[in-house]
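Chains, contacts and geometry: an overview
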Amino acid sequence: MTETWSGRIGFLFAAIGSAVGLGSVWRFPTMVGAHGGGAYLLPYVVAVFLFATPIMILEFAMGRHFACDVVSVLRRVNGRFAVIGWIICATTFVILSYYLVIAGWTLGFSVFSIVGSGTTFPAFTGSCDPVIFFIATAIIVGLIVSSGIRAGIERVSSLIIPFIVVILCILAAFVATLPGFAEGISYYLTPDFSVLSDPSIWIAATGQAFYTLSIGMGILVTYGAYLAKEENLLASSVIVSFADLAISLLAGFVIFPIVFSFGLAPSAGAELAFLTLPAGFALMPGGRIVSSGFFLLLFLSALLSSIAMFEVVAAAAIGATGFTRRQACVLVTAGLIVAGLPAALSYSGLHLTIAGANVLDTMDHFAGTIFVTVTGILTAVAFSWYVDRRTIESGIESESPFVRIIVPLCRYVIPPALILVLVAALFAG
């Protein structure tokens with residue numbers, strides 16, 4: 001890799017940006033609502049720091065040690081593992097193709113909210129707007145990544161992360177004035193310890209932790225390849241995990257008071273952002289401003305995760321073809337638009353389906369839940385079993401005794417945990 005981050009701060013902004021996507025701002029509150037409010041928080045925190053953070057450190061370390069794209073990294077670990085790298089790239093490509101569709105929805109809703117011509121989700125998806133905003137979002141992401149590591153990814157991440165925090169804080173201050181604030185916060189923060197014996201809540205929390213921190217998607221390996229040798233990976237990874245957790249928790253402080261103030265359902269699930277919350281925005285004073293801020297927040301969060309996934313595919317394409325960064329980005333952008341069109345049209349009047357389920361939901365179930373769990377297992381096994389333990393520990397560049405348990409966790413604890421998530425997903429599907 002010829003490009004590098006400008007320094008620790010630039011790397012941290014980019015890494016936090018890869019984690020802070022719709023998984024933190026949208027999916028996390030819906031998971032809390034679907035699993036009994038505060039009861040979900042303890043398993044989630046345990047999953048983030050016991051399961052997800054160790055493999056994050058491992059992926060960063062391997063990326064920095066080999067200093068190349070994820071396919072090349074796995075090929076250097078073992079020549080037969082190049083196919084695992086391509087499976088990771090293909091999975092990330094498919095996830096990104098429909099993720100850009102959802103990012104386009106957030107862009108469309110933020111635009112309509114800002115200009116004051118509000119829309120409903122059925123009206124929005126029943127028009128050609130989802131396709132237009134999907135293509136626009138794909139082009140925006142492609143242009144940012146084509147600008148390079150420092151001028152593109154790092155610069156945009158450094159601008160957007162503080163802006164996201166500011167928007168969240170302003171929205172949190174506003175919802176504190178709503179009548180349902182106390183009830184919403186009570187639901188959000190009061191744990192029911194009796195449900196902690198239910199394995200499903202631990203499985204859901206583990207799945208969410210790996211989802212939001214981009215485990216097994218090649219992002220951490222790719223970003224680690226641009227990292228300087230002196231960077232303390234242990235400290236940086238903990239900072240990324242804490243920052244993502246803090247932003248996720250702050251999103252809950254915004255959403256649940258709105259839900260309880262206007263009699264909405266906290267367990268509404270994925271429809272919370274586009275069907276449930278807009279109903280609340282329409283009833284509250286200053287709802288247009290709140291709606292604009294909320295959907296802009298979602299779009300910026302989705303943009304950062306999209307950039308990270310795009311870079312994984314672009315870096316692999318550069319490594320495999322020898323194309324310039326701009327040539328690879330044009331190729332990937334075109335491919336994403338073609339691959340994502342069925343997902344963009346699945347919620348339209350065409351109602352594109354596969355075996356009775358719409359295309360976007362089917363892609364999310366298989367790529368976003370099943371395949372990404374498989375790649376997480378493969379990544380943990382490949383790096384922890386086939387790379388010398390001393391190489392891993394020396395590559396982390398830390399004197400902390402915690403370093404010595406990272407390899408055992410990634411060998412013996414994390415793969416079984418991910419297999420449980422995978423089995424649960426298969427039975428749920």
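Because the structure is predicted, anything quoted here is derived from the model rather than measured. (Residues numbered from 1 in each chain as written. Predicted model: local features only at pLDDT ≥ 70, side-chain atom pairs only at ≥ 80, totals over all residues. Heavy atoms only, no water.)

Turning next to the overall build of the protein. Each helix and strand in the protein was counted, giving 18 helices and 2 strands. For 429 residues, the compact-globule estimate of 2.2 N^0.38 gives 22 Å, and the C-alpha radius of gyration of the protein, at 21 Å, lies within 12% of that figure. Principal axes of the C-alpha set define a box for the protein whose edges measure 60 × 50 × 45 Å. For the protein, buried positions account for 59% of its 429 residues. Long-range pairs, those at least 24 residues apart, make up 81% of the contacts in the protein between residues at least 6 apart in sequence. Carbon and sulfur atoms provide 69% of the accessible area of the protein, an area that totals close to 15900 Å². Looking at the protein, you have 16 positive and 19 negative side-chain charges, and the mean spots of the two groups are 11 Å apart. (Helix = DSSP H or I, 4+ residues; strand = E, 2+ residues; numbered from the N terminus. Rg over C-alpha atoms; globule rule 2.2 N^0.38 Å. Buried < 20%, exposed > 50% of the residue type's maximum accessible area, 1.4 Å probe, protein only. Contact = heavy atoms within 4.5 Å. Areas by Shrake-Rupley, 256 points an atom, 1.4 Å probe, with all protein chains shown as cover. Lys, Arg positive; Asp, Glu negative; His and termini not counted. Charge placed at Lys NZ, Arg CZ, Asp CG, Glu CD.)

A few words now on the packing of helix 2 (residues 22-34) against helix 12 (residues 233-261). Contact geometry of helix 2 with helix 12 gives a least axis separation of 8 Å together with a crossing angle of 65°. The pairing of helix 2 with helix 12 is recorded here as roughly perpendicular in orientation. Here helix 2 runs over helix 12; the crossing is right-handed. Counted together, Ser24, Val25, Phe28, Pro29, Val32 and Gly33 of helix 2 and Asp244, Ile247, Ser248, Leu249, Ala251, Gly252, Ile255 and Phe256 of helix 12 form the full contact between these two elements. A breakdown of the residues in the contact of helix 2 with helix 12 according to their chemical character gives 9 nonpolar, 4 polar and 1 charged. (Axes fitted to C-alpha atoms, helices over the stretch in contact; angles between N-to-C directions. Parallel < 35°, antiparallel > 145°, perpendicular 65-115°, else oblique. Left-handed = near helix turned anticlockwise from the far one by under 90°. Nonpolar A, V, L, I, M, F, W, Y, C, P; charged D, E, K, R; others polar.)

Approximately 260 Å³ is the volume found for the second largest pocket. In this structure, the second largest pocket is lined by 19 residues; those nearest its centre are Ser113, Gly118, Thr119, Pro278 and Ser291. Looking at the lining of the second largest pocket, the elements that each hand over two or more residues are helix 5 (82-115), helix 6 (121-125), helix 13 (276-283) and helix 14 (287-321). A class-by-class count of the residues in the lining of the second largest pocket yields 11 nonpolar, 7 polar and 1 charged. (1 Å grid on protein atoms, 1.4 Å probe; cavity = no way out; pocket = protein on both sides within 12 Å on 5 of 7 lines; lining within 4 Å. Points joined across faces, edges and corners; volume = space filled by probe spheres on them.)

Let us now look at empty space enclosed by the protein. Across all of its chains, the model carries 1 cavity of 30 Å³ or more by this definition. Taken as a whole, the largest cavity spans an internal volume of roughly 180 Å³. Forming the walls of the largest cavity are 18 residues, and the residues nearest its centre are Tyr99, Tyr211, Ser214, Met217 and Met309. If you list the elements that add at least two residues to the lining of the largest cavity, you get helix 1 (8-19), helix 5, helix 10 (199-212), helix 14 and helix 16 (359-386). Tallied by class, the residues present in the lining of the largest cavity amount to 11 nonpolar, 7 polar and no charged.

Attention shifts here to the pattern of salt bridges. All chains considered together, the criterion is met by 5 salt bridges. Note that Arg390 is salt-bridged to Asp388, the shortest N-O span being 3.5 Å. By relative accessible area, Arg390 is classed as exposed at 65%. Of the residues examined, Asp388 reaches a relative accessible area of 38% and is grouped as partly exposed. Here Arg389 and Glu393 are joined by a salt bridge, their closest N and O atoms 2.9 Å apart. Placement of both Arg389 and Glu393 in helix 17 (residues 389-396) is noted, with a separation of 4 residues, approximately one turn of the helix. Overall, Arg389 belongs to the partly exposed group, its relative accessible area being 33%. (Salt bridge = Lys/Arg side-chain N within 4 Å of Asp/Glu carboxyl O.)

So, about a nonpolar patch on the surface. A cluster of nonpolar residues, Trp385, Tyr386, Tyr412 and Val413, forms a patch on the protein surface that exposes about 420 Å² of accessible area. Of all elements in the fold, only helix 16 and helix 18 (403-428) reach the threshold of two or more residues within the nonpolar patch. Checked against the element boundaries, Tyr412 lands in helix 18. (Patch = residues over 30% accessible without salt bridge, like charges linked within 9 Å, V, L, I, M, F, W, Y side chains within 5 Å.)

Another aspect to go through is helix 10. In a regular helix each residue adds 1.5 Å, so 14 residues correspond to 20 Å; helix 10 covers 20 Å between its end C-alpha atoms and thus fits that length. Among all positions in helix 10, only Ile201, Ile203, Ala204, Ala205, Thr206, Gln208, Ala209, Phe210 and Thr212 are buried. One or two residues past the end of helix 10 sits Ser214, with phi positive at roughly 60°. (Expected span 1.5 Å × (residues − 1).)

Within the secondary structure, Val403 sits in helix 18. With relative accessibility at 4%, the residue Val403 sits in the buried group. Val403 sits 11 residues away from Ile392 along the chain, and the two C-alpha atoms are 9.1 Å apart. The residues touching Val403, leaving out its near neighbours within four places in the chain, are Leu234, Glu393, Ile396 and Ser398.

Across all of its chains, the model carries 30 aromatic pairs by this definition. Judged by centre distance (5.4 Å) and plane angle (70°), the ring pair of Phe109 and Phe274 falls under edge-to-face. Here Phe274 lies in the loop between helix 12 and helix 13 and Phe109 lies in helix 5, a separation of 165 residues in the sequence. Here the two residues Phe109 and Phe274 agree in accessibility, since each one is buried. For the ring pair Phe112 and Phe124, a centre distance of 6.2 Å and an interplane angle of 80° mean the geometry is edge-to-face. Of the two residues, Phe112 is situated in helix 5 and Phe124 in helix 6; the sequence distance between them amounts to 12 residues. Judged by relative accessible area, which is 17%, Phe112 ranks as buried. Using a relative accessible area of 1% as the deciding quantity, one classes Phe124 as buried. Ring pairs connect the aromatic residues Trp26, Trp105, Phe109, Phe112, Phe121, Phe124, Phe133, Phe274, Phe281, Phe294, Phe295 and Tyr347, which therefore count as one cluster. Geometry around Trp385 places Arg411 over its ring, the cationic atom sitting 4.8 Å from the centre. (Phe/Tyr/Trp six-rings, centres within 6.5 Å; stacked < 30°, edge-to-face > 60°. Lys NZ or Arg CZ within 6 Å of the ring centre and 35° of its normal.)

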